[in-house]
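Chain residues, written in single-letter form:
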Amino acid sequence: MKGGKREGVTNRPAFRRTWFATLLLVALGPSSVARADQDWHLDALLQAGRAPLYDLGPEDLRIETRFGYGLNAWRRFDGQAGRWTRVDLGVMRERFPDADNNDRLFYDAALLHAAPWRHGPWDQFRFAAEARHARDPAREVYSRIRLAPALRLTPAPRQILQFRTRFGYREQNDANTFPGYDQSEYLLDMMHLWRGAERVWRSAAFLYVERRSADADRFSYDEAGTRLALRRRLDERTELVPRVGLFSRHYDDGERRDRRLRLTLGLERTWSERLFLNAYLGYQTNLSTVSIKDYRGTLAGLELRIGLL
């Protein structure tokens, strides 16, 4: 044990109070704006492709076929002086046919609030709250909350710079999976958004550092990474989207170090107001000092978003 941590011990009452407060914030957030300019929207999501398994305990990591389907309800509330709030509620089912212990049912709630912030160089303040409850086919797997304040500024025309902090906590159902994974999260990141003239080219670049402190050292780590996405508009409804992500992760147990590279090339197409397609191909490699966590392989994905309301 490091720093006096004890495996499988969690402050569950405190977590449940924070979980309830987050859900309350999501429910009451729209009261901070003046009116709702849109009705509720309901989207159906269909997914198929190849994706890495979840990194759980002593399992091998590899890339497997994954299917998913779900519903997402959302509404945006527009207020005065540039304030707005968006609320999302969703349910998603994921299936791995060849690794069914990774199957999940997700219940999600999220709120994003934005308001002008005229202090110093800053233009806008944002606050995000997310809550997720995950189950396998029979039991609870984990519950997680995340809170993320951010400040934005405009350093030059057609550019946005954002600084964000994120705090989170994940409570694992130790009895049904494994002990020691209850985990606090601390993340600091910087994002740069750029768009070219005529909006033909756009980019989003991220740099971040993250600390995750679990009850067990083997699940605690420090991570630093970067992500970059470019967008090239091909026509009014189609964009070509290459993405690259890279991170280095060091675990507290001193035995495991991971370095991961992910490359994808995607095509996004808005067929109509109610039908959106995202397709991509790519490659991912995870170089690890623990042999069962070392893998590489091709990625593929196809997602349909269908507007029902």
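For the structure itself, look to the data block above.
Residues numbered from 1 in each chain as written. Predicted model: local features only at pLDDT ≥ 70, side-chain atom pairs only at ≥ 80, totals over all residues. Heavy atoms only, no water.

A short note on the pairing of strand β9 (residues 201-214)
- Inspection of the sheet shows strand β8 (residues 183-195) paired to β9 by 13 bridges, in the antiparallel sense. Across the sheet, residue His-192 finds its bridge partner in β9, namely Ala-205.
- Joining the antiparallel neighbours β8 and β9 is a turn of five residues, in which Glu-198 adopts a positive phi near 70°.
- Bridge count for β9 against strand β10 (residues 221-235) is twelve bridges, and the pairing is antiparallel. Its bridge partner lying in β10, Phe-206 is registered against Arg-227.
- Hairpin connection of β9 to β10: six residues between the antiparallel strands. (Pairing = 2+ DSSP bridges. Helix = DSSP H or I, 4+ residues; strand = E, 2+ residues; numbered from the N terminus.)

Some remarks on the layout of surface pockets
- The computed volume of the second largest pocket comes to approximately 320 Å³.
- Residue lining of the second largest pocket: 15 residues in total, with Asp-43, Glu-273, Arg-274, Arg-305 and Gly-307 positioned closest to the centre.
- When residues of the lining of the second largest pocket are traced back to their parent elements, those giving at least two are β1 (41-52), β2 (63-78), β12 (257-272), β13 (275-288) and β14 (295-307).
- If you tally residues by element for the lining of the second largest pocket, the top one is β14, at three residues.
- In terms of residue class, the lining of the second largest pocket is built from five nonpolar, five polar and five charged. (1 Å grid on protein atoms, 1.4 Å probe; cavity = no way out; pocket = protein on both sides within 12 Å on 5 of 7 lines; lining within 4 Å. Points joined across faces, edges and corners; volume = space filled by probe spheres on them. Nonpolar A, V, L, I, M, F, W, Y, C, P; charged D, E, K, R; others polar.)

Description of the nonpolar core
- Judged by nonpolar contacts, Leu-45, Met-92, Phe-106, Ala-134, Val-141 and Tyr-142 together constitute the single largest core of six residues.
- Excluding residues that lie within four positions of it along the chain, Leu-45 makes contacts with Gly-68, Tyr-69, Gly-70, Met-92, Leu-304 and Arg-305. (Core = buried A, V, L, I, M, F, W, Y, C linked by side-chain atoms within 4.5 Å. Buried < 20%, exposed > 50% of the residue type's maximum accessible area, 1.4 Å probe, protein only. Contact = heavy atoms within 4.5 Å.)

A look at the packing of aromatic side chains
- One pass over the full model with this rule turns up five aromatic pairs.
- Summarising the aromatic geometry, the rings of Tyr-54 and Phe-96 are spaced 6.1 Å apart at their centres and angled 75° between planes, so their arrangement reads as edge-to-face. With a gap of 42 residues between them, Tyr-54 in the loop between β1 and β2 and Phe-96 in the loop between β3 (84-95) and β4 (104-116) connect regions that are remote in the sequence.
- A ring pair is formed by Tyr-221 and Tyr-251, whose centres lie 5.1 Å apart and whose planes are at 55°; its orientation type is tilted. With Tyr-221 in strand β10 and Tyr-251 in strand β11 (residues 238-251), this pair connects stretches of sequence that are 30 residues apart.
- Overall, the relative accessible area of 6% leaves Tyr-221 in the buried class.
- The ring of Trp-84 carries the charged tip of Arg-76 above its face, separated from the ring centre by 4.3 Å.
- Positioned over the ring face of Phe-206 is Arg-227, at 4.7 Å from the centre of the ring. (Phe/Tyr/Trp six-rings, centres within 6.5 Å; stacked < 30°, edge-to-face > 60°. Lys NZ or Arg CZ within 6 Å of the ring centre and 35° of its normal.)

Function cannot be inferred from these measures alone, as they are strictly geometric.
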